[in-house]
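Coordinate inspection notes
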Amino acid sequence: MKKVLITGAAGFLGSHLCDRFIKEGYHVIGMDNLITGNLSNIEHLFKLKNFEFYHHDVSKFVHVPGELDYILHFASPASPIDYLKIPIQTLKVGSLGTHNLLGLAKAKKARILVASTSEVYGDPTVHPQTEGYWGNVNPIGPRGVYDEAKRFQEAITMAYHRYHGLETRIIRIFNTYGPRMRLNDGRVLPAFIGQALRGEDITVFGDGSQTRSFCYVDDLVEGIYRLLLSDFAEPVNIGNPDEISMLDFAAEIIKLTGTNQKVVFEPLPKDDPKQRQPDISLARKLLGWEPKIDRAEGLKRTYAYFKSLSPDELYKKEHNTFEGYIVK
Ligand SMILES: NC(=O)c1ccc[n+]([C@@H]2O[C@H](COP(=O)([O-])OP(=O)(O)OC[C@H]3O[C@@H](n4cnc5c(N)ncnc54)[C@H](O)[C@@H]3O)[C@@H](O)[C@H]2O)c1
């Protein structure tokens, strides 16, 4: 049985990856410090013999006994609300955490795939973004803590590949959505659905002309799986190129949820990217991958999940408590 270590296992993407690798017959070791994740995302796996969980901060030395075939490094705060509130931890997990996991991969002769992001393109001046575009990032802006951590992560991953001959994979993930996202994580999709479910007005930043493109989580997981098993070491974009303006998206959510609320406008946050759309030609060619689940279907599934949450979850404003540090 192949063994895979998944960091960030209790988070949104990590938990779906655990499910997928269990389904594929792997022995899965989940690792998480629960700073933004929640054990409820993976508690259904605890009864399985081929699942283990380590409560651990990967920015500290990482030890896993025995052999390992693959490492998927997904630990990192991922939403602006999180990384703006825990900037140092975000920088550490992208840098020290990645270094620790590359070291572990080297020691175990394992292949490692690291989760990078479309944020490495910053506020792009090229549209849509191909992997060859180097980005437009403000290193000292508030979002720099995340963007630069991920850019460093890519740099050190390529250095381990070139210098140590380590088998590495880098995925640049564009906005992904689906069940197990947190309603209060500050990302636009759960924010709109949460507002609709609570009967609040839908808040659009700026004039709503900025665009995003959303990939359903099952499509992303398929892309990750294929990339891991490929032999390509350079970054690959995975996302859904179907782009929509935030104003049109608000209208879609209002229709989906049947809410009577109106759209209200607030100032655009600093360094908010105006346009985001992946060029996925490389993933198509290399992995034979493209998204299969359209927004109508993905939103239906995601809305069903959010509707099933308890009122406590729906009105929860606070994040987790971590070693005495309260993330509000
Ligand atoms: N969701 C997206 O649309 C998206 C887009 C681009 C990139 N990504 C990347 O994918 C990964 C997962 O994102 P997500 O949306 O699932 O976020 P998430 O916050 O739901 O999950 C991240 C998980 O990592 C854990 N974690 C954070 N720091 C840690 C540390 N030092 N040690 C151990 N565990 C730690 C958290 O507790 C959480 O469970 C991140 O690396 C993120 O940058 C996500």
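Residues numbered from 1 in each chain as written. Predicted model: local features only at pLDDT ≥ 70, side-chain atom pairs only at ≥ 80, totals over all residues. Heavy atoms only, no water.

With that settled, the discussion passes to the overall build of the protein chain. Along the protein chain, the regular secondary structure elements total 10 helices and 15 strands. Its C-alpha atoms give the protein chain principal-axis dimensions of about 55 × 45 × 40 Å. Looking at the protein chain as a whole, 55% of its 328 residues qualify as buried. Intrachain contacts of the protein chain at a sequence separation of at least 6 include 80% that bridge at least 24 residues. A total of about 14,500 Å² of accessible surface is found on the protein chain, and carbon and sulfur atoms cover 54% of it. (Helix = DSSP H or I, 4+ residues; strand = E, 2+ residues; numbered from the N terminus. Buried < 20%, exposed > 50% of the residue type's maximum accessible area, 1.4 Å probe, protein only. Contact = heavy atoms within 4.5 Å. Areas by Shrake-Rupley, 256 points an atom, 1.4 Å probe, with all protein chains shown as cover.)

In this structure the tally under the stated criterion is 13 aromatic pairs. Summarising the aromatic geometry, the rings of Phe-46 and Phe-51 are spaced 5.6 Å apart at their centres and angled 70 degrees between planes, so their arrangement reads as edge-to-face. Measuring from ring centre to ring centre gives 5.5 Å for Tyr-177 and Tyr-216, while their planes differ by 70 degrees; the resulting arrangement is edge-to-face. Here Tyr-177 is found in strand E7 (residues 176-177), whereas its partner Tyr-216 is found in strand E10 (residues 215-216), with 39 residues between them in sequence. Assessed through its relative accessible area of 0%, Tyr-177 is described here as buried. (Phe/Tyr/Trp six-rings, centres within 6.5 Å; stacked < 30°, edge-to-face > 60°.)

Take Asn-50: it is sitting in the loop between strand E2 (27-32) and strand E3 (51-55). A residue is classified by how much of its surface remains accessible, and Asn-50, at 15% relative accessible area, is buried. There is a polar contact of 3.1 Å between the side chain of Asn-50 and the backbone oxygen of Tyr-26. (Polar contact = N/O pair within 3.5 Å; in protein donor to acceptor, adjacent residues only side chain to side chain.)

Turning next to the environment of His-44. Along the chain, His-44 falls in the loop between E2 and E3. Along the chain, His-44 and Leu-268 lie 224 residues apart, while their C-alpha atoms are 39 Å from each other. Apart from the residues within four sequence positions on either side, His-44 is in contact with Asp-19 and Arg-180. A polar contact is formed between the side chain of His-44 and the side chain of Asp-19, at a distance of 2.8 Å.

This part takes up the sheet that holds strand E11 (residues 236-238). Strands belonging to one sheet form pairs held by backbone hydrogen bonds; the direction of such a pair is parallel or antiparallel. The strand order across the open sheet built from 7 strands is E3-E2-E1-E4-E5-E6-E11, with neighbouring strands paired in parallel fashion. Bordering the open sheet on either side are E3 and E11, each of which pairs with just one other strand. The sheet shows a mean angle of 20 degrees between the axes of neighbouring strands, direction not considered. Pairing analysis gives 5 bridges linking strand E1 (residues 3-7) to E2, with the strands arranged parallel. By the bridge assignment for E2, Ile-6 is matched with Gly-30. Sheet contacts for helix H1 (residues 12-23): E1, E2, E3, strand E4 (70-73) and strand E6 (168-173); angle to E1, the most-contacted strand, approximately 170 degrees. Running over the sheet, helix H4 (residues 144-164) touches E4, strand E5 (111-117) and E6 and is turned about 155 degrees from E5. (Pairing = 2+ DSSP bridges. Axes fitted to C-alpha atoms, helices over the stretch in contact; angles between N-to-C directions.)

A word on the pattern of salt bridges. Proximity of charged atoms lets side chains of opposite charge pair with each other. Applying the stated rule across the entire model yields 22 salt bridges. Across the pair Arg-20 and Glu-24 runs a salt bridge, and its minimum N-O distance is 2.8 Å. Judged by its relative accessible area of 15%, Arg-20 is buried. Residue Glu-167 is joined to Arg-169 by a salt bridge in which the shortest nitrogen-to-oxygen separation is 3.5 Å. A cluster of three or more residues bridged by salt bridges with shared partners is formed by Arg-20, Glu-24, Glu-222 and Arg-226. (Salt bridge = Lys/Arg side-chain N within 4 Å of Asp/Glu carboxyl O.)

This part is about the nonpolar core. Inside soluble globular proteins, nonpolar side chains tend to come together where they are buried. Counting 58 residues, the largest nonpolar core has Phe-21 and Phe-74 as the members making the most contacts within it. Among the elements that make up this core, the one with the highest residue count is helix H6 (residues 217-228) (7 residues). Sequence-distant contacts of Phe-74, that is, excluding residues within four places in its chain, are made with Thr-7, Gly-8, Leu-13, Leu-17, Leu-113, Ala-115, Ile-171, Ile-173 and Ile-224. Counting residues in hydrophobic clusters, the runner-up holds 22 residues, among them Leu-5, Met-31, Val-64 and Val-114. (Core = buried A, V, L, I, M, F, W, Y, C linked by side-chain atoms within 4.5 Å.)

Looking at the element boundaries, Ser-308 is found in the loop between helix H9 (295-307) and helix H10 (311-315). In terms of polar contacts, Ser-308 uses its side chain to reach the backbone carbonyl oxygen of Tyr-305, at 2.6 Å.

Confidence in the prediction of the protein chain, expressed as mean pLDDT, is 93, and 96% of residues score 70 or more. In the model of the protein chain, strand E15 (residues 325-326) stands out as the element of lowest mean pLDDT, 37, in contrast to E4, which has the highest, 99. Every residue in residues 320-328 scores below 50 in pLDDT, and together they form 22 contacts with partners more than four places removed in sequence or on other chains. (pLDDT = per-residue confidence, 0-100.)

Of all residues adjacent to the ligand, which total 29 residues, the nearest are Leu-13, Asp-32, Thr-36, Asp-57 and Tyr-146. A distance of 3.1 Å separates an oxygen atom of the ligand from a polar backbone atom of Gly-11. Within the backbone of Ile-35, a nitrogen or oxygen atom sits 3.0 Å from an oxygen atom of the ligand. A total of 820 Å² of accessible area belongs to the ligand in isolation, and the protein chains cover 97% of it. Broken down by element, the shell around the ligand gets its largest block of residues, 3 residues, from E5. Looking at the shell around the ligand residue by residue, the classes come out as 13 nonpolar, 12 polar and 4 charged. (Near = heavy atom within 4 Å. Nonpolar A, V, L, I, M, F, W, Y, C, P; charged D, E, K, R; others polar.)

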